[in-house]
Amino acid sequence: MYLATTGRRDAPPPSAAGGPGRRVPATVLALGTVSLVTDVSSEMVTAVLPLYLVVGLGLSPLQFGFLDGLFNGAAAVVRLLGGHAADRGGRHKRVAGLGYALSACSRLGLLLAGGATGQIAAALAVDRVGKGIRTAPRDALITLSSPPHLLGRAFGVHRAMDTTGALLGPLAAFALLWATADAYDAVFVVSFCTGLLGVLLLVLYVPATPAKPSTGRPINPFGALRGTAFRRILCAAALLGAATVGDSFVYLLLQRGLDIPVGWFPLLPLGSAAAYLLLAIPAGRIADRVGRRLPFLYGHVALLGVYALLLFPAGGPALALVAPVLILLGVFYAATDGVLMALAAPALPDGGRAGGLALLQTAQALTRLLGTAGFGAAWTLWGPGPALRAASAALLVSLAGGWALLPGTPTADPERPTA
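What counts, and where the lines are drawn
- Residues numbered from 1 in each chain as written.
- Predicted model: local features only at pLDDT ≥ 70, side-chain atom pairs only at ≥ 80, totals over all residues.
- Heavy atoms only, no water.
- Helix = DSSP H or I, 4+ residues; strand = E, 2+ residues; numbered from the N terminus.
- Contact = heavy atoms within 4.5 Å.
- Areas by Shrake-Rupley, 256 points an atom, 1.4 Å probe, with all protein chains shown as cover.
- Expected span 1.5 Å × (residues − 1).
- Buried < 20%, exposed > 50% of the residue type's maximum accessible area, 1.4 Å probe, protein only.
- Phe/Tyr/Trp six-rings, centres within 6.5 Å; stacked < 30°, edge-to-face > 60°.
- Axes fitted to C-alpha atoms, helices over the stretch in contact; angles between N-to-C directions.
- Parallel < 35°, antiparallel > 145°, perpendicular 65-115°, else oblique.
- Left-handed = near helix turned anticlockwise from the far one by under 90°.
- Nonpolar A, V, L, I, M, F, W, Y, C, P; charged D, E, K, R; others polar.
- Salt bridge = Lys/Arg side-chain N within 4 Å of Asp/Glu carboxyl O.
- Lys, Arg positive; Asp, Glu negative; His and termini not counted.

A.B. asks: Can you help me understand the overall build of the protein chain in this one?
C.D. replies: The helix and strand inventory of the protein chain stands at 13 helices and two strands. Of the contacts made within the protein chain by residues no fewer than 6 positions apart, 86% connect residues no fewer than 24 positions apart. As presented, the protein chain carries roughly 17,600 Å² of accessible surface, and 70% of it is formed by carbon and sulfur atoms.

A.B. asks: Help me out: how do you make sense of helix H9 (residues 268–290) in this one?
C.D. replies: Every α-helical turn comprises 3.6 residues, leaving residues that sit three or four positions apart pointing alike. Taking 1.5 Å per residue, 23 residues should reach 33 Å; H9 reaches 32 Å between its end C-alpha atoms and fits that length. Every buried residue belonging to H9 is among Leu268, Leu270, Ser272, Ala273, Ala275, Tyr276, Ala280, Ala283, Gly284, Ala287 and Asp288, and all of these are buried. Following H9 by one or two positions, Gly291 adopts a phi angle in the positive range, close to 100°.

A.B. asks: How should the packing of aromatic side chains be read in this particular structure?
C.D. replies: The geometry of two aromatic rings is summed up by the distance between their centres and the angle between their planes. By the definition in use, this model includes five aromatic pairs. On the numbers, 6.2 Å between centres and 35° between planes, the contact of Tyr276 with Tyr333 is tilted. Separated by 57 residues along the polypeptide, Tyr276 in helix H9 and Tyr333 in helix H11 (residues 319–344) bring together distant segments of the chain. Residue Tyr276 is classed as buried on the basis of its relative accessible area of 11%. These aromatic residues form a ring-pair network of at least three members: Phe249, Phe375 and Trp379.

A.B. asks: Explain the environment of Ala186 to me, please; I cannot follow it from the model alone.
C.D. replies: Mapped onto the elements, Ala186 comes out in helix H6 (residues 184–205). Classification of Ala186 as partly exposed rests on a relative accessible area of 21%. Considered as a pair, Ala186 and Leu111 are 75 residues apart in the sequence and their alpha carbons are 8.8 Å apart. Filtering out sequence-adjacent residues up to four positions away, Ala186 remains in contact with Leu176 and Thr180.

A.B. asks: What am I meant to see in the packing of helix H7 (residues 228–242) against helix H12 (residues 353–382) here?
C.D. replies: When two helices pack together, you describe them by how their axes are tilted relative to each other and by the distance separating the axes. The N-to-C vectors of H7 and H12 enclose an angle of 25°; their axes lie 7 Å apart at closest approach. Considering their axes alone, H7 and H12 lie roughly parallel with respect to each other. Viewed along their axes, H7 and H12 form a crossing whose handedness is right-handed. The segment H7 lies against H12, with Phe230, Ile233, Leu234, Ala237, Ala238, Gly241 and Ala242 engaging Gly356, Leu359, Leu360, Ala363, Gln364, Thr367, Arg368 and Gly371.

A.B. asks: Before we go on, may I ask you to explain the packing of H12 against helix H13 (residues 384–405) in this structure?
C.D. replies: Contact pair H12 / H13: the axes reach a minimum separation of 7 Å and the direction vectors enclose 140°. One way to sum up the angle between H12 and H13 is to call them oblique. Crossing hand, H12 versus H13: right-handed. Of the residues in H13, those in contact with Phe375, Ala378, Trp379 and Trp382 of H12 are Pro384, Pro386, Ala387, Leu388, Ala390 and Ala391. The class makeup of the residues in the contact of H12 with H13 is ten nonpolar, no polar and no charged.

A.B. asks: Would you explain the pattern of salt bridges in this entry?
C.D. replies: It is possible for side chains bearing opposite charge to pair when their charged atoms get close. Counting across every chain of the model gives seven salt bridges. In this structure, Asp127 engages Arg107 in a salt bridge whose closest nitrogen and oxygen atoms are separated by 2.9 Å. Note that Asp127 is positioned in helix H4 (residues 117–145) and Arg107 in helix H3 (residues 92–113), a separation of 20 residues in sequence. By the burial criterion, Asp127 is buried, and Arg107 matches it. The closest approach of N and O atoms between Arg138 and Asp139, which form a salt bridge, is 3.2 Å. The class of Arg138 is buried, set by a relative accessible area of 9%. According to the relative accessible area criterion, Asp139 is buried, its value standing at 0%.

A.B. asks: Could you clarify how one ought to interpret the environment of Arg231 in this entry?
C.D. replies: Structurally, Arg231 can be placed in helix H7. Taking the C-alpha atoms as reference, Arg231 lies 9.4 Å from Ala347; in sequence the two are 116 residues apart. Setting aside residues no more than four positions away along its own chain, Arg231 makes contact with Leu225 and Arg226.

A.B. asks: Looking at this structure, I do not really get the side chain of Asp39. What am I missing?
C.D. replies: Within the element layout of this structure, Asp39 appears in helix H1 (residues 26–56). In this structure, Asp39 is buried with no salt-bridge partner, the nearest side chain bearing the opposite charge being Arg134 at 4.8 Å. With sequence-adjacent residues up to four places away left out, Asp39 is seen in contact with Met44, Asp162, Gly165 and Ala166.

Structure (structure tokens):
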């Protein structure tokens, strides 16, 4: 049985106002370190992969886009399986470790492929499968190891550490390419070794049993839909996801609208990632204090601000538009990514925590994929201006729907876990 309340059921008790109860659990810090190291490894490859496949091996952009889209879609399905497997017997660390290990081994696959398209495709598939498997068990470990009233802060710390790795990865990759005269094999070797270090850190420093052991019988991911509060969160996240334009389109609109040199284009994601890094922890702490519903919605208001700036750019130098857009994009992710997990976790029983989060993440990813595809089609048919106006209108409607759908502070009844 699930209960949805509008009161601050997750508010910290008076005794938790300071002292050890306010500290981020060691498990969260360990998982953040693992994510930091792993993201250095993965983003090293992500940063150079388009150049390696399109420029180095001669694949067409259409072929690369097809491979990337296909494997990202497959990862969404694997995420559900990983979440369910983690819930069975509380094997969150084991399943997450398998995902991290698969991603690390995929770098070795790229190294050994020797330019063969089939083997490269297999290595990319292994990487996406690994990422899909590990995400929900890792987030479930965070929720099971943290006090309910500190979930926003815990996810903020983890996402900040994760984003640090995402920033360092491309820098390390391009430094290696510069030092080795474009030797892509060197990037794959260093990425493989870094990924193995992440797996080792997980094995050594993340406890096998979370601080709050899983209780109740494990349920399949779709069993979480029996809870009213979780269904409303899922519908709101999917609705807002469908009105989200992909980051690549935002950067492309910036580049085309301001005529930014192509050589500077790869630096745009670093700007939004830096804003995310700086704001993730403050956003999580604010969510813990005021409730997670409003920050999640305000994060999408920030995204609406991005659309407005792109539609009505202010005069002056390019930096006058670039900086606000990248900052608002960072605000969007800081106020939505980890905050959504912190909002949904109390609505799920311990025995279905990983599966429920996997279902939520999958629904959001698929609707964002549809939203991005729809924006691309609208751009092709109508042009960028009308497409962006349509996206802004859709986001306004989705915000109204999300306001109506999202519960105040969902909580799960620990005495009656859903079977």
